[in-house]
Amino acid sequence: MNGANGFLLPISRLEKVQSWGMNREVLAYVYRPSTVEGLREALVDARNAGRSVGLRGGGCSYGDASLNAENVVLDLTRMNRILKWDPVNGIIEIEPGVTLQRLWQYVIGDGWWPPVVSGTMFVTMGGAVGMNYHGKNNYKMGPVGEHVLEFDLLLADGSEITCSREQRADIFYAAIGGFGMLGCFTRIVMKMKRVYSGLLEVDAFATSSFSEIARVFEERMAEDDYLVGWIDCLAGSRHSGRGQVHAARYLHAGEDPNAHQTLQVAYQDLPDTLFGLVPKSIMWRFLKPFSNDPGMRLINWAKYMAAATIGNHKTVRQSHAAFAFLLDYVPNWKLVYLPGGLIQYQTFVPAAHAAACFDEQMAICRRFRVYPWLGVFKRHRTDNFLMTHAVDGYSLALDFPVRPRHATRLQQAVEEMNRVVLESGGRFYFAKDSTLTRNDAVAYLGEETVRKFQVLKQELDPTNLWQTDLSRRLFDTWYSDTAHRPALQETR
Ligand SMILES: Cc1cc2nc3c(=O)[nH]c(=O)nc-3n(C[C@H](O)[C@H](O)[C@H](O)COP(=O)(O)OP(=O)(O)OC[C@H]3O[C@@H](n4cnc5c(N)ncnc54)[C@H](O)[C@@H]3O)c2cc1C
């Protein structure tokens, strides 16, 4: 396709861009600017060529949130400068391509830690804020957006605006979690969390059902700083929801006699080898023979048995990085899911309905014979961001292998689970999504919320420049849906 004036994007920019779950790959014109000026030039090129622009950070969204097939993808990873750091007050100013890894490594030596971290450190902070990611402490600290003080947003027309809770608060609460649809963060100011040790005190113990794990979380929420559950999703119906909890708390000042040492990056760093022998980079190959349902059933069973016996109620001190980024311990673990890749299906359900809803999800999986190889359980609280995925309740994240021979069953199972989640008043999360339809998205967000977002989208991006495969899948009618338009104009 060429633009109105015949302008063509250079073919040399065409690259394959993949979803993190490796289940979708597209061709896109990839630009990697290192300055705001470079960003603007890419926007001009896209506009001249009649293409839309999708934003991409670390590409760690499981589905199509940072893909933009046959259009422009702006890869922000070169905009990775730390602009200002105030080690007395823990306030940092960064470019959007700064990774979470760079951020924690930069601040920890001064006794600070990012208040909210995801399960991998390879995300960029622009992408993290774009999705308003949460951590294992969501019930206490809220999503990352609650710790953002201010940001600059590059708009589709090339101008920049500064937003905070005081200045254009409507955009502040919508662009955080706005999945790159309102503009591109070019500068983010955040507050870090004070820590007095590089260690956490971690307690691990087994639980036998969804109702038990939820009860334990309710009991421990007040005292523990982090809570996360692993669920054995291949256990049969009698053991549905069994798993293991990891509960962690920060150490108080004076509790760690070697705080100076444990707060060093070298102390935190994940080791390069397992048992000092096996290079981490090849560890996923040991899992490969188990990359089928019986193999994963065996691994999950063994993990649960170990958790319920030798590992039950073990308390250890663990570094922040080791606790937070467990998945990064085994680089490339996702390759186990090849050739089809994986989807992650994470749903957020109000506390009163969560155990029953997740039990039903497991029953649906068994009925359709599609089994998640990994299940992760977390506690959440509500927040004030427009497109929020959180509820006052629990989430269950399920990793499903994608195989041609069971693709139809997986799709049917997911549709059935969506119905159950919506009936329970639950929500979904764009960072993990690969399967929602427009109707599902509107059902959980609510017509009113979608309309408010649409109003901002049309104000800040009247030509619909910012798009991704996800935005087209879920909100293709933003600029064409006459059913929405009259109501929209009323609120303007
Ligand atoms: C192993 C693993 C573990 C994870 N654990 C968690 C977890 O514990 N909690 C959680 O909440 N999420 C988790 N995630 C999801 C991840 O945190 C989010 O997908 C996050 O958005 C990824 O950041 P990214 O830099 O890779 O962004 P991308 O995936 O590249 O992009 C994410 C979104 O942000 C937009 N975007 C990117 N840069 C900008 C910018 N500069 N300005 C505006 N918008 C932008 C993109 O258009 C896209 O919509 C996990 C992902 C993986 C792979």
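These numbers come from a predicted model, not from an experiment.

(A) The domain arrangement of the protein, seen in detail. For the protein, the assigned domains read domain 1 (11–75), domain 2 (82–194), domain 3 (199–435) and domain 4 (440–491). On a C-alpha basis, the centres of domain 1 and domain 3 stand 30 Å from each other. With 9 residues of domain 1 at the contact, the number on the domain 3 side is 17 residues. Looking at the side of domain 1 facing domain 3, the largest losses of area belong to W20, M22 and Y62, adding up to 63% of the total buried there. Remark: the boundary between domain 1 and domain 3 carries 0 salt bridges.

(B) Broad picture of the sheet that holds strand 18 (residues 342–350). Spatial ordering of the open sheet is given by 17-12-14-13-19-20-18, a layout of 7 strands whose pairing is antiparallel. On the outer flanks of this sheet lie strand 17 (314–319) and strand 18, each paired with one strand and no other. When the angles between neighbouring strand axes are averaged without regard to direction, this sheet yields 25°. Where strand 13 (residues 226–231) and strand 19 (residues 374–380) come together, 3 bridges link them in antiparallel fashion. Residue W230 lies in a different strand from strand 19, and its bridge partner there is V376. Where helix 13 (residues 407–423) meets the sheet, it contacts strand 18 and strand 20 (393–401), and its direction lies at approximately 15° from that of strand 18.

(C) Molecular detail of the nonpolar core. Ranked by size, the top nonpolar core spans 128 residues in total, and within it Y133, F151, F179, F430 and F475 carry the most contacts. Sequence-distant contacts of F475, defined by excluding residues within four places in its chain, comprise F179, M387, F430, A441, L445 and V450. With 19 residues, the next largest nonpolar core counts L43, V72, M79 and A156 among its residues.

(D) Summary view of a nonpolar patch on the surface. A grouping of F290, L298, W301 and M305 is seen on the molecular surface, where their side chains present a nonpolar patch of about 360 Å² in accessible area. Inspection of the secondary structure puts M305 in helix 10 (residues 293–308).

(E) The arrangement of the site of the ligand in detail. What surrounds the ligand is a group of 35 residues, the closest being L55, G57, C60, T124 and Y429. In this structure, an oxygen atom belonging to the ligand sits 2.6 Å away from a main-chain N or O atom of L55. The contact in question runs from an oxygen atom of the ligand to an N or O atom on the backbone of G58, over 2.8 Å. Relative to its free-state accessible area of 970 Å², the ligand is covered by the protein chains to the extent of 98%. Looking at the shell around the ligand, the elements that each hand over two or more residues are strand 3 (53–56), helix 3 (125–131) and strand 10 (184–191). When residues in the shell around the ligand are grouped by element, the largest group, 5 residues, is from helix 3.

(F) Structural detail: the pairing of strand 1 (residues 14–18). Summarising the sheet, strand 1 and strand 2 (residues 25–31) pair through 5 bridges and their orientation is antiparallel. When the bridges of strand 2 are listed, Q18 appears paired with E25. Where strand 1 folds back on strand 2, the antiparallel hairpin that results is connected by 6 residues, among which M22 adopts a positive phi of roughly 60°.

(G) Expanded view of helix 12 (residues 351–368). Here helix 12 spans 26 Å end to end across 18 residues, near enough to the 26 Å set by a 1.5 Å rise per residue. Taken as a whole, helix 12 has its buried residues at A354, A355, C357, F358, Q361, M362, I364, C365 and F368. Close packing links the buried residues of helix 12 with helix 6 (210–220), strand 18, strand 19, strand 20 and helix 13. Downstream of helix 12 by one or two residues, R369 has phi in the positive range, about 55°.

(H) Structural context of helix 13. Between the first and last C-alpha of helix 13 there are 24 Å, a value that for 17 residues agrees with the 24 Å anticipated at 1.5 Å per step. What helix 13 keeps buried is the set L410, A413, V414, M417, N418, V420 and V421. Taken down its axis, helix 13 places every buried residue within 165° of arc, on the same side. Opposite the packed face of helix 13, turned more than 90 degrees from it, sit the exposed residues T408 and E423. The inward-facing, buried residues of helix 13 contact strand 18, helix 12, strand 20 and helix 14 (438–445). The first or second residue beyond helix 13 is G425, which carries a positive phi of 75°.

(I) Up close: the sheet that holds strand 8 (residues 148–154). The 5 strands are arranged 5-6-10-8-9 in an open sheet whose pairing can be described as antiparallel. Unpaired on one side and paired on the other, strand 5 (82–86) and strand 9 (160–164) mark the two borders of the sheet. On average, adjacent strands in this sheet sit at an angle of 10° to one another, irrespective of strand direction. When strand 8 meets strand 10, the two strands line up antiparallel, connected through 6 bridges. Paired with L153 across the strands is F185, a residue of strand 10. Here helix 1 (residues 36–49) sits on the sheet and contacts strand 8, strand 9 and strand 10; the angle it forms with strand 8, its principal contact strand, is near 45°. In the packing of helix 2 (residues 100–107) onto the sheet, contacts are made with strand 5 and strand 6 (91–94), and the angle to strand 5 comes to roughly 35°.

(J) Region of the structure containing unusual backbone geometry. Backbone torsion omega between L338 and P339 reads 15°, so that peptide bond is classified as cis. Here P339 lies in the loop between helix 11 (320–324) and strand 18. Positive phi, close to 60°, is recorded for E70, a residue that is not glycine. In this fold, E70 is placed in the loop between strand 3 and strand 4 (72–75). Assessed through its relative accessible area of 56%, E70 is described here as exposed. Its identity is not glycine, yet N464 carries a phi of approximately 60°, on the positive side. The topology assignment puts N464 in the loop between helix 15 (447–460) and helix 16 (469–475).

(K) Expanded view of the packing of aromatic side chains. The tally for this structure, following the rule as stated, stands at 30 aromatic pairs. Relative to F172, the ring of F151 lies with its centre 5.5 Å away and its plane at 5°, an arrangement referred to as stacked. Remark: F172 occurs in helix 5 (residues 169–175) and F151 occurs in strand 8; sequence separation between them is 21 residues. An identical accessibility class is assigned to F151 and F172; each is buried. Of the aromatic side chains, those joined through ring pairs into one cluster are W20, Y62, W333, Y337 and W373. Taking the ring centre of W230 as reference, the NZ or CZ of K303 above it sits at 4.7 Å.

Parameters and conventions
- Residues numbered from 1 in each chain as written.
- Predicted model: local features only at pLDDT ≥ 70, side-chain atom pairs only at ≥ 80, totals over all residues.
- Heavy atoms only, no water.
- Domains from an automatic or database assignment.
- Contact = heavy atoms within 4.5 Å.
- Buried area = accessible area lost by both parts, 1.4 Å probe.
- Salt bridge = Lys/Arg side-chain N within 4 Å of Asp/Glu carboxyl O.
- Pairing = 2+ DSSP bridges.
- Helix = DSSP H or I, 4+ residues; strand = E, 2+ residues; numbered from the N terminus.
- Axes fitted to C-alpha atoms, helices over the stretch in contact; angles between N-to-C directions.
- Core = buried A, V, L, I, M, F, W, Y, C linked by side-chain atoms within 4.5 Å.
- Buried < 20%, exposed > 50% of the residue type's maximum accessible area, 1.4 Å probe, protein only.
- Patch = residues over 30% accessible without salt bridge, like charges linked within 9 Å, V, L, I, M, F, W, Y side chains within 5 Å.
- Areas by Shrake-Rupley, 256 points an atom, 1.4 Å probe, with all protein chains shown as cover.
- Near = heavy atom within 4 Å.
- Polar contact = N/O pair within 3.5 Å; in protein donor to acceptor, adjacent residues only side chain to side chain.
- Expected span 1.5 Å × (residues − 1).
- Arc of directions from axis to C-beta.
- Phe/Tyr/Trp six-rings, centres within 6.5 Å; stacked < 30°, edge-to-face > 60°.
- Lys NZ or Arg CZ within 6 Å of the ring centre and 35° of its normal.

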